[in-house]
Amino acid sequence: MIETQGILSETPSMGSPDVLSDLLAGMHLSGVVLFRTEFREPWGLLSPNAEQMARLLPFRTEYIIPFHIVAAGGCWVDVKETQRVWLEAGDAVLLPYGDQHGLRGQQAAEKVPAEHLLPAPPWPERLLVAHGGDGGRTDLICGFLQCDELLFHPLLRYLPVLMPVKPGQEPANAWLAATIRHTIEEAGHGDPGRRTMLSRLTELMFVEILRAHMRGLSSEDIGWFAAVNDPVVGPALRCLHAAPLDAWSVDLLARRVGVSRTVLAERFKHFLATPPMQYLSGWRLQLAAQRLKTSNMPIKAVAESAGYETEAAFSRAFKRHFGAAPGDWRKRQGKNSGA
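It should be emphasised that the depicted structure is a prediction, and the values quoted were computed from it without experimental measurement.

Calculation notes
- Residues numbered from 1 in each chain as written.
- Predicted model: local features only at pLDDT ≥ 70, side-chain atom pairs only at ≥ 80, totals over all residues.
- Heavy atoms only, no water.
- Helix = DSSP H or I, 4+ residues; strand = E, 2+ residues; numbered from the N terminus.
- Expected span 1.5 Å × (residues − 1).
- Buried < 20%, exposed > 50% of the residue type's maximum accessible area, 1.4 Å probe, protein only.
- Arc of directions from axis to C-beta.
- Core = buried A, V, L, I, M, F, W, Y, C linked by side-chain atoms within 4.5 Å.
- Contact = heavy atoms within 4.5 Å.
- Phe/Tyr/Trp six-rings, centres within 6.5 Å; stacked < 30°, edge-to-face > 60°.
- Lys NZ or Arg CZ within 6 Å of the ring centre and 35° of its normal.
- Pairing = 2+ DSSP bridges.
- Axes fitted to C-alpha atoms, helices over the stretch in contact; angles between N-to-C directions.

**Student:** Describe helix α9 (residues 261–272), and please don't skip the residues or the numbers.
**Tutor:** When the terminal C-alpha atoms of α9 are compared, their 16 Å separation across 12 residues agrees well with the 16 Å that a helix rising 1.5 Å per residue should span. Of all the residues in α9, the buried ones are L264, F268, F271 and L272. For α9, the buried positions fall inside an angular range of 80 degrees around the axis, keeping them on one side. Away from its buried face, by an angle of more than 90 degrees, α9 presents the exposed residues E266 and K269.

Below, the structure written as structure tokens:
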């Protein structure tokens, strides 16, 4: 895990590392169910983008991934009216980039801005939003996943802007269907521990949606998830994540994977648009950034743990990658943390 003191140890990890868990740990996910809805036909809702939504929330957060779960009925969800999907009870949708999006029932209706329906904070523990006419009813569970600033973000760079899941239609997604069902049940109850249960369930839902996305990729897809599935780049990524401080070179990594350096470089460029050693540099800096945020370790010690001979060299590389010096970045993270 990122928080573990030995994460930058120069001793290679035993076994095959879980690179997806590596990246998820660095995101520090925290799920929140924001409100439940009772919408009746005809109805329409326009949800702001993540940056605008963050300003409305009664939480101190900046980076959010919205989601909606259909508890009953059905609705259309669209992004800029160019990408559109119909969801029914038991389905869910994730918007990785937090785009502005619309929701409506079967009947055409004007989309009312979400902020016009939400009461002024502070909000109750179980916020219910009602809207629409007197027709058929659709119940939604709306929330978001809060995460750290995605400074090293191969995870989200190539995801679709709209990620609908219909687990009831896929036997392989039975676990995801059960997670969504439990989330719906928990959101409707006021049992002790409800907030913690909902947080964990939505985090699990997010991970399982990513897994389902990975399973559905074809050999023609690109991006980080497709790279993990690739027989060349996948093993290379596992090597780099297992021992980030080893004295890697393209030649050594290519020999470890069993291909030529040319093939390795071409496959990295195809899937990730970056050379292998540049990926490694970014991953080392991400691990260092997590150390800065989660510990009081002096910057000089963080630099050494990330493989830099001097604090000055580390500071230059960190600022090029993240846009801020290590000390300034650490202070900013302290101001933005918490809920």
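We are not done yet, so read on.
**Student:** Quick one: what's the story with the nonpolar core, residue by residue and with numbers?
**Tutor:** Formed by 52 residues in total, the largest nonpolar core has its most connected members in F206, W224, L237, F268 and L272. Considering each element in turn, this core owes the most residues, 6 residues, to helix α5 (residues 194–215). Every residue in contact with L272, bar those within four places of it in the chain, is listed here: R157, Y158, G223, W224, A227, V233, L237 and Y279. Formed by 28 residues, the second largest nonpolar core is a distinct cluster that contains V32, V77, L118 and C142.

**Student:** Just give me the short version of the packing of aromatic side chains, but keep the residues and values in it.
**Tutor:** This model, assessed by the stated rule, comprises 9 aromatic pairs. For the ring pair F314 and F318, a centre distance of 5.6 Å and an interplane angle of 55 degrees mean the geometry is tilted. Taken together, the residues F314 and F318, both in helix α12 (residues 311–322) and 4 residues apart, mark about one turn of the helix. Against the face of W76 rests R84, its NZ or CZ located 3.9 Å from the ring centre.

**Student:** Tell me about the sheet that holds strand β9 (residues 128–132), residues and numbers included.
**Tutor:** As summarised here, the arrangement of the 6 strands in space is β9-β1-β10-β3-β6-β11, forming an open sheet in which the pairing is mixed. Here the strands that pair on one side only, and so sit at the sheet edges, are β9 and β11 (163–165). Strand-to-strand twist of the sheet, defined as the mean angle between neighbouring strand axes without regard to direction, takes the value 20 degrees. Here strand β3 (residues 64–72) pairs with strand β10 (residues 137–146) via 8 bridges, running antiparallel. Residue pairing in the sheet places I65 in a bridge with L145 of β10. Strands β1 (30–40), β3, β6 (92–94), β10 and β11 of the sheet are contacted by helix α4 (residues 174–187), whose axis makes an angle of about 80 degrees with β3.

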